[in-house]
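Listed below, chain by chain, are the residues.
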Amino acid sequence: MSDIRSAARDHLWLHFAHVPQDGPIIMERGEGCYLWDSDGKRYLDALGGLFVTAIGHGRSDLANAASKQAETMAYFPVWGMAHAPAAELATKIAQLAPGDMDRVFFVSGGSEAVESAWKLARQYYLAKGEPQRMRVIGRKTAYHGTTLGALSITSIPPIRQPFEPMLNQLTTHVSTTDNPRAAEEIEEAILALGPETVAAVFLEPVQNSGGCFTPYEGYWQQVREICDRYGILLVSDEVICAFGRLGTWFGGQKFDYVPDMITFAKGATSGYAPLGGVITRPHIAETIRDAGELVWHGITFGGHPVSCAVALANLEAMESERIVEHAAANQDRFRAALEGVLDHPVAAELRGTGYFYAIELQKDPERGIHFEREEATELVARLKPLLVEMGMIARADGRGAPIIQYSPPLIAGPAEFDEIAQISREALDRVWKEWTA
Ligand code: PLP
């Protein structure tokens, strides 16, 4: 075992994972859509690390943007003063965001963005003189982060239960968009809770957890109307979906809606530095300002100059290299490659859009027979290491039905799509052969 591997085994907490006896794989280097570990083994990064890497690995221009900013001024907070990287990045994001969204509250990542959006909603309603509005509606199986506020909006039992009751009494979860009454359920939940107690609805444009639940026609318009009818803020959690993942800059441009807030993180910097944020519409800032209030919330590293400079360089490069347009132009080709996997006996359904897809696995798709919970866990436990062994980072997951999920860098093209499909197909074949032997 290498020194680094044993150091990781002995001293490093892994997130959501046991530490393997012989230490974890040590990932060392990235270039474009590929990664290499410390033994020189190559992996196709079909998950963008963790839905993060939009522009691809190994960009010296982004590294240089970080180094230049660190040399000029490594750190200063945006608590009462500002600096050029934060101001310029906020302007750029406001330009790219849908509708009249015009102001950005920076944090360090997605969970903090979700927490901050909830707190902003709370302050908005306090400023409006509606202090009873505290409740939040989210969707079942959804993941909105792990800090305690964000975790209360998250609806994945094994991730939540050890920490309950948290803010459980304030959160309600409704169906994902595989239910054609998903929008109506939001209205029913609002009415059951009492509309005057509901502050916000948190939804992803395409729901990651459970496997890329993609909205049916008219879903977002219906949800927007419902939120407007009851004076509730619509928060589009785009920690994964923003910055090109769906073939558009934001979910609003894909599905034609303007939320009141967007939470973002991951793709903003393509992972070259940590950054998250909340984008808001004017009425939120105006209401808080007109009440003579300020936002009682701040995070030391929110709007970190180096992260903002990196995000700016990332977004400018994505614009000038037309990377979102590339994703839009190639998304059908990606879908077609994945559709090729669907003739496997357990590949039941392909869901997603843009560069964000999941294949749902069922025991007998033709007869609609799902894997039992223990079987799903077992299947995922077999698939996970196999995909890695076969040189691909993708997500085998069983939070709902078992899925294989993909979110490759937005620079990926037909060669990578075909490799993703071929490895997936072969991995399924191998697992299924052993399973049925
Ligand atoms: N919201 C959504 C939709 C996410 O997918 C995630 C993470 O994957 C988060 C929030 C939490 O982000 P982070 O892990 O950066 O805290």
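Keep in mind that this is a model prediction, so the values were computed, not measured.

**Some thoughts on the overall build of the protein**
Part 1 of the argument: Counting its regular elements, the protein contains 15 helices and 15 strands.
Part 2 of the argument: In terms of overall dimensions, the protein is globule-like: its C-alpha atoms have a radius of gyration of 22 Å, near the 22 Å expected for 437 residues.
Part 3 of the argument: Each principal axis of the C-alpha atoms in the protein carries an extent, and together these give about 70 × 55 × 45 Å.
Part 4 of the argument: Looking at the protein as a whole, 50% of its 437 residues qualify as buried.
Part 5 of the argument: Partitioning the intrachain contacts of the protein with sequence separation of at least 6 by distance along the chain shows that 70% fall at a separation of at least 24.

**With respect to the nonpolar core**
Part 1 of the argument: Within the largest apolar cluster, 127 residues are counted, with the highest numbers of intra-cluster contacts made by Ala 200, Val 201 and Leu 233.
Part 2 of the argument: When sequence neighbours within four positions are dropped, the list of residues in contact with Leu 233 reads Ala 121, Tyr 124, Ala 199, Ala 200, Cys 227, Asp 260 and Met 261.

**Quick notes on the pairing of strand S8 (residues 233–237)**
Every regular strand shows the same layout, with side chains that alternate between the two sheet faces.
Part 1 of the argument: The element S8 is largely enclosed, with a buried count of five among its five residues.
Part 2 of the argument: Of the two faces of S8, the one holding Leu 233, Val 235 and Asp 237 and the one holding Leu 234 and Ser 236 are both buried throughout.
Part 3 of the argument: Where strand S7 (residues 198–203) and S8 come together, four bridges link them in parallel fashion. For Phe 202, the partnering residue across the bridge sits in S8 and is Val 235.
Part 4 of the argument: Handedness of the β-α-β unit built from S7, helix H9 (residues 219–229) and S8 comes out right-handed.
Part 5 of the argument: One ladder, built from three bridges, connects S8 with strand S9 (residues 261–264); its direction is parallel. Bridging from a neighbouring strand, Asp 237 pairs with Thr 263 of S9.

**Structural notes on the site of the ligand**
Part 1 of the argument: Around the ligand, a shell composed of 13 residues is seen, among which Gly 109, Gly 110, Ser 111, Gly 145 and Val 239 lie nearest.
Part 2 of the argument: Tallying contributions element by element places helix H5 (residues 110–128) first for the shell around the ligand, with three residues.
Part 3 of the argument: Among the residues forming the shell around the ligand, the class breakdown is five nonpolar, six polar and two charged.

**Some points on the sheet that holds strand S11 (residues 347–353)**
Part 1 of the argument: Strand order across the open sheet formed by four strands is S11-S12-S15-S14, with antiparallel pairing between neighbours. Looking at which strands have only one partner, the edges of the open sheet turn out to be S11 and strand S14 (395–397). Strand-to-strand, the axes of this sheet are offset by a mean angle of 20°, without reference to chain direction.
Part 2 of the argument: Sheet topology note: the S14/strand S15 (residues 403–406) ladder contains three bridges and is antiparallel. Across the sheet, the residue bridging to Arg 395 is Gln 405, located in S15.
Part 3 of the argument: Against the sheet, helix H14 (residues 373–389) touches strand S12 (356–361), S14 and S15, its axis set at about 170° to S14.

**So, the packing of helix H13 (residues 323–339) against helix H15 (residues 414–436)**
A pair of packed helices is captured by two measures, namely the crossing angle of their axes and the spacing between those axes.
Part 1 of the argument: Look at H13 against H15: their axes get within 8 Å of each other, and the N-to-C directions meet at 20°. Taken together, H13 and H15 sit at an angle that is classed as roughly parallel. Between H13 and H15 the crossing geometry is right-handed. Residues Arg 333, Phe 334, Ala 337 and Leu 338 of H13 touch H15, and the partners they reach there are Pro 414, Phe 417, Asp 418, Ile 420 and Ala 421.
Part 2 of the argument: Partitioned by chemical class, the residues of the contact of H13 with H15 number seven nonpolar, no polar and two charged.

**As for the domain arrangement of the protein**
Part 1 of the argument: Per the domain assignment, the segments making up the protein are domain 1 (32–55 + 322–436) and domain 2 (61–320).
Part 2 of the argument: Between domain 1 and domain 2, the contact holds 27 residues from the first and 24 residues from the second.
Part 3 of the argument: If you list the elements that add at least two residues to the side of domain 1 that touches domain 2, you get helix H2 (48–51), H13, S11, S12 and S15.
Part 4 of the argument: In terms of residue count, H13 provides more of the side of domain 1 that touches domain 2 than any other element does, five residues in total.
Part 5 of the argument: Split into classes, the residues belonging to the side of domain 1 that touches domain 2 amount to 15 nonpolar, nine polar and three charged.

**Considering H9**
Part 1 of the argument: Buried residues of H9: Trp 220, Val 223, Arg 224, Ile 226 and Cys 227, and no others. Down the axis of H9, the buried set is contained in an arc of 165°. They therefore lie on one face. Among the exposed residues of H9, those oriented more than 90 degrees off its buried face are Asp 228 and Arg 229.
Part 2 of the argument: As for H9, its buried residues are in contact with helix H8 (182–193), S7, S8 and helix H10 (251–255).
Part 3 of the argument: Residue Gly 231 follows H9 closely and has a positive phi angle near 65°.

Cut-off values and rules
Residues numbered from 1 in each chain as written. Predicted model: local features only at pLDDT ≥ 70, side-chain atom pairs only at ≥ 80, totals over all residues. Helix = DSSP H or I, 4+ residues; strand = E, 2+ residues; numbered from the N terminus. Rg over C-alpha atoms; globule rule 2.2 N^0.38 Å. Buried ≥ 20, exposed ≤ 12 C-beta atoms within 10 Å, placed from the backbone. Contact = placed C-beta atoms within 7 Å. Core = buried A, V, L, I, M, F, W, Y, C linked by C-beta atoms within 7 Å. Pairing = 2+ DSSP bridges. Right-handed = clockwise from strand over helix to strand, strands pointing away. Near = placed C-beta within 6 Å. Nonpolar A, V, L, I, M, F, W, Y, C, P; charged D, E, K, R; others polar. Axes fitted to C-alpha atoms, helices over the stretch in contact; angles between N-to-C directions. Parallel < 35°, antiparallel > 145°, perpendicular 65-115°, else oblique. Left-handed = near helix turned anticlockwise from the far one by under 90°. Domains from an automatic or database assignment. Arc of directions from axis to C-beta.

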